[in-house]
Amino acid sequence: MKKLISALLSLFFAASLSAQVKNYVGIVREKYYPAQEEFLGELASSLKSRGYASYSEYIDSYLKGGFGSGFVYVDKDGTNYVITNRHVVSQAASASIEFENEDGSTTKYENLSVLITDDDIDLAILKFEGSAKPFKKGLTFSSAKLSDGQNVVSAGFPALGKEPVWQFGKGSVTNASARIKDLIDPAISTVIQHSAQIDGGNSGGPLLIESKSAAIGYEVVGVNTWKAVGRDSTNFSIPARLALDLIEKSRKTSDDSTVKAARAAKFKAALTENENDYTSIVKFISYDYASAYGEAEFEEILKHGSTKVRNRVVEEFAYDPIEGLRYAVAYNLYNNYSGENATDENLSKIVWSKEHGLYRISSTGEDKKDKKDSKVSSSGSKKSSSSKTKKSSSKKELPSVSFEGLKKPYFLALYAGGILPLENNGKNTEIKGGFDFSADFYTGENGIFGLFLEYTGTSLESEKINAFGGGIAIRLPFNFGLFSLCPRAATGIQFGSGDIEVSRFFWKAGAEVVFDLGLQNIRPCISAAYRKNYDKYTDYETFSDEETLNSSNIVFKVGIAFSLD
């Protein structure tokens, strides 16, 4: 009985502590500039009108908004701060935080300002409207050094059915000092790897340890930020001391020219280091600049970029449209200014402006003249040069850890049609037409390289030949608004058995047309191709031995394609 009572008391005590933590952890949402929403709406319409319907749908989904987590910290002087991830509020004109009370009601604070952010560490510090101080106390930070195997707790509001739901998950530290360059440069800091439960929406919530000295029984040791893809219970937090450092940095007054010069020097270093590529300068691109020039650069990459670059930019765009534009602008900028082009003369033309407390590039002085007529400034007003934008679905959904970014969008086309014979090299043997079914698979609606499976049925004189196989394809999509024209070449092998056994090598060249009729993720399509077969037959009475027969034909097909985002 004593054990039962002790267990019940422990459960009650744990629930009580959870409730106390919950008083200081809230749901963070960002509020876009009205002009920013207008810009994204116009961008969606523009992309759709030029045949990029799936990318338009990414924007529509993005504009529905999302959320992350954040927690209250009260400094010694009583100043109230909300700590969260940068990607949770990256596009914010302002932000809100909502707390869930024990009786099910909510308390919401609007118009929080983004005091300071950090590109290298993915942290943001928010302040209440008018420097209000609604909290007398908040969560406290631990100064203890973490060790592997130590118990930790994650707190936040991950999504369940698209709505935030409180979660208090226990786990342990699995690597107290993980060095993962894709998350944070190890020269800046290590990260905390742990197994406490993390799901999309936990971004910005605290990682806690039990503490007898803390009034609520827990202290903050980290800020939950990432979840690994393809591994169980592999989650990552930013060490709490970095949040305190950022708060301290926000208080210091520095000479703007010195800060700007230091930022410019880091940009030049990123351009000249051999191991870097365009992704190393994305953090220097302002959302203003991405909005002004990103659409043109994005379309250029879709049409002419390498598969690797196009896939990365599209992945970022699918996750966060403005971040995708930011990557597209960075790619162009890197090509123009990296290496030997990173001269002081060239770099002196670059214009730097502040966004969320950081200096970022707002113009190069040599920008294209065909940018959009109206853009969103960082103040939310319209202007004709550059614009403020960047909202992160990363903010609401926890970013995945992978070298290529987020999941790829895929394109699957199912075709059926007929085969029209042209000629063959068999003097007394007639190859007749038949049918063709195929499934084509590409990484993205505008993917260049793909795979296909194919099933064909023809006749050799009076005997049926059914063959199945597949191969690789390459195509070059050209978008013309309501349709895309894709010249295409492919090669593959097939095998058939039965009365006639055949092994076949073939190649084909032609074109397909993919129509965008406004149907979500569905594209009608047609294709035509010249096909050359090299068949090797056995077990056929006309041939005494294994025989090779070459033939050519035309294949006409209709189909339906699915954009699997």
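Residues numbered from 1 in each chain as written. Predicted model: local features only at pLDDT ≥ 70, side-chain atom pairs only at ≥ 80, totals over all residues. Heavy atoms only, no water.

Next up on the list: the pairing of strand β26 (residues 501-515). Of the strand pairs in this sheet, strand β25 (residues 483-496) and β26 are connected by 14 bridges, and their pairing is antiparallel. Bridge pairing in β26 links Gly 496 to Val 502. Sheet topology note: the β26/strand β27 (residues 522-538) ladder contains 14 bridges and is antiparallel. Opposite Ser 503, over in β27, you have Lys 536 as the bridge partner. (Pairing = 2+ DSSP bridges. Helix = DSSP H or I, 4+ residues; strand = E, 2+ residues; numbered from the N terminus.)

Here the focus is the nonpolar core. Grouped together as the largest cluster of nonpolar side chains are 53 residues, with contacts concentrated most on Ile 83 and Val 89. Formed by 46 residues, the second largest nonpolar core is a distinct cluster that contains Phe 39, Leu 47, Ala 270 and Val 282. (Core = buried A, V, L, I, M, F, W, Y, C linked by side-chain atoms within 4.5 Å. Buried < 20%, exposed > 50% of the residue type's maximum accessible area, 1.4 Å probe, protein only.)

With that out of the way, let us pick up the packing of aromatic side chains. Enumeration over the complete set of coordinates arrives at 29 aromatic pairs. Relative to Phe 317, the ring of Tyr 55 lies with its centre 6.0 Å away and its plane at 85 degrees, an arrangement referred to as edge-to-face. Highlighted residues: Tyr 55 in helix α3 (residues 53-63) and Phe 317 in helix α7 (residues 307-319), separated in sequence by 262 residues. You can call Tyr 55 buried: its relative accessible area is 2%. Note on Phe 483 and Phe 515: the rings are 6.5 Å apart at their centroids and 50 degrees apart in plane angle, and the pair reads as tilted. Linking Phe 483 in strand β25 with Phe 515 in strand β26, this pair joins segments that are 32 residues apart in sequence. We classify Phe 483 as partly exposed; its relative accessible area is 32%. Using a relative accessible area of 29% as the deciding quantity, one classes Phe 515 as partly exposed. (Phe/Tyr/Trp six-rings, centres within 6.5 Å; stacked < 30°, edge-to-face > 60°.)

Here the structure, examined in full by the defined rule, presents four cavities of 30 Å³ or more. Computed from the structure, the largest cavity encloses a volume of approximately 110 Å³. Around the largest cavity, the lining is made up of 15 residues, and of these Arg 488, Lys 508, Ser 527, Ala 529 and Lys 557 lie nearest the centre. Of all elements in the fold, only β21 (431-442), β26, β27 and β28 (547-564) reach the threshold of two or more residues within the lining of the largest cavity. The class makeup of the residues in the lining of the largest cavity is five nonpolar, two polar and eight charged. (1 Å grid on protein atoms, 1.4 Å probe; cavity = no way out; pocket = protein on both sides within 12 Å on 5 of 7 lines; lining within 4 Å. Points joined across faces, edges and corners; volume = space filled by probe spheres on them. Nonpolar A, V, L, I, M, F, W, Y, C, P; charged D, E, K, R; others polar.)

What follows deals with the sheet that holds strand β3 (residues 80-84). With antiparallel pairing, six strands are arranged side by side around a closed barrel as β1-β2-β3-β6-β5-β4. Strand-to-strand twist of the sheet, defined as the mean angle between neighbouring strand axes without regard to direction, takes the value 40 degrees. Strand direction decides the pairing type here: β3 and strand β6 (residues 123-127), joined by four bridges, are antiparallel. In the sheet register, Val 82 faces β6, and the bridge partner there is Leu 126. Contacting β2 (68-74), β3, β5 (106-118) and β6, helix α4 (residues 240-251) runs over the sheet at an angle of about 55 degrees to β6. (Axes fitted to C-alpha atoms, helices over the stretch in contact; angles between N-to-C directions. Contact = heavy atoms within 4.5 Å.)

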